[in-house]
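In case you want the letters, here they are:
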Amino acid sequence: MKRVVFAAVLAFFALLSEAQESETVFNFLRLPVSAHAAALGGDNITIIEDDPSMVFHNPSLINNVADKSLNLNMMTYMEGAVTASASFTRAAGKRGTWAALGQFMSYGSMREMTYDGQQTGEFSAKDIAVGGTFCYSLTDKLTGGITAKFIASYIGQYNSLGAGVDLGLNYYNPNGEWSASLVARNLGGQLSAYEDDFERMPLDVQLGVTKRLVGSPLRVSASLVRLNDWEYGIGKHLVIGADVILSPQFYVAAGYNAMRASEMKISEEDGSSAHGAGLSIGGGVMLQRLKLNVAYAKYHLSSASLMINLSYAL
């Protein structure tokens, strides 16, 4: 089993060499799921916590999660749209952990119009992903994980199906409280297209590190995202965040995502502004069996988003 996980995690190097920039599908998979990760800029892959929702960001982190943990998540998006997810985590021997997970996004009802502006009815759109994760401790400090998922998207009478894989490696040194991860998210492709044209998955290769300052409540994180896509300069690939760990049960966090700020920037008469996109804040209560995390950020120009995670160890 150890060899299988290690081989799967390394397989993304071969796939990455073939990745080329193009239009992508199933882009709801880019949105954060963990409120803690969202508060740290939205793309954190390295925080070592008893947080089941981190499986959506890095499958190699669930070995830190309590056995039989049930996790429920919800985030408001733009007006009329909402996203929700859930996972269940279970120990598998002394070195392994598996999880079942699902994501759902509803875009609400929209008007169906003719080319000349006449309304002929309404339609809805939604995205769904379901999958499973397996994580295994390769050594005392190195952990590998893999998530396989099936994806479906529906827009009115049209639909598309796909399959994807997330691969992750995490190195954690508890003595120095160093954590470093390498992740490839959304490897795969469409099984059926909306019409005739097949589009690529939103592949995202990420590299990150987290370090708690010795003798301090401050923990800092930095991640490089979309390393497979060099349309932007290196600075726009950076996500930074910091936790203030007030006690083992409470934390507050803030972050900045340069990529999101760049993508959300709009031109105005006196220049351009991202109107707060890219900035995020949050906090959490981490009790022995119950965890509650919240985050506030902006992922769309029309509105800000509130994310809530609730986890309970059965």
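To be clear, the structure that these remarks concern was listed above.
Let us look at the structure shown here. (Residues numbered from 1 in each chain as written. Predicted model: local features only at pLDDT ≥ 70, side-chain atom pairs only at ≥ 80, totals over all residues. Heavy atoms only, no water.)

Concerning the side chain of Ser-34
Turning to its location among the elements, Ser-34 is positioned in the loop between α2 (12-16) and α3 (35-39). The class for Ser-34 is buried, based on a relative accessible area of 0%. Only 3.1 Å separates the side chain of Ser-34 from the backbone nitrogen of Ala-37, close enough to count as a polar contact. Within the local environment of Ser-34, its side chain forms a polar contact with the side chain of Ser-53, the two groups lying 3.3 Å apart. (Helix = DSSP H or I, 4+ residues; strand = E, 2+ residues; numbered from the N terminus. Buried < 20%, exposed > 50% of the residue type's maximum accessible area, 1.4 Å probe, protein only. Polar contact = N/O pair within 3.5 Å; in protein donor to acceptor, adjacent residues only side chain to side chain.)

Quick word on unusual backbone geometry
Peptide bonds are trans in most cases, and residues, glycine excluded, mostly fall at negative phi. Backbone geometry at Phe-26 places phi at a positive 60°, although glycine is not the residue there. Looking at the secondary structure, you find Phe-26 in the loop between α2 and α3. What makes Phe-26 buried here is its relative accessible area of 3%. In the Ramachandran plot, Glu-177 falls in the positive-phi region, its phi being about 55° despite a non-glycine side chain. Mapped onto the elements, Glu-177 comes out in the loop between β6 (158-173) and β7 (178-192). Taking relative accessible area as the criterion, Glu-177 reaches 32% and is therefore assigned partly exposed.

Points about the pattern of salt bridges
A complete count under the given rule lists six salt bridges for this structure. Among the ionic pairs, Glu-49 bridges to Arg-219, the shortest N-O distance being 2.7 Å. With Glu-49 in the loop between α3 and β1 (69-76) and Arg-219 in strand β9 (residues 218-224), this pair connects stretches of sequence that are 170 residues apart. Judged by relative accessible area, Arg-219 falls into the buried class, the value being 9%. Measuring nitrogen to oxygen at the nearest pair gives 2.9 Å for the salt bridge that ties Lys-291 to Asp-50. Of the two residues, Lys-291 sits in strand β15 (residues 290-300) while Asp-50 sits in the loop between α3 and β1, which places them 241 residues apart along the sequence. It is possible to trace a salt-bridge network through shared partners that takes in Glu-49, Arg-219 and Asp-243. (Salt bridge = Lys/Arg side-chain N within 4 Å of Asp/Glu carboxyl O.)

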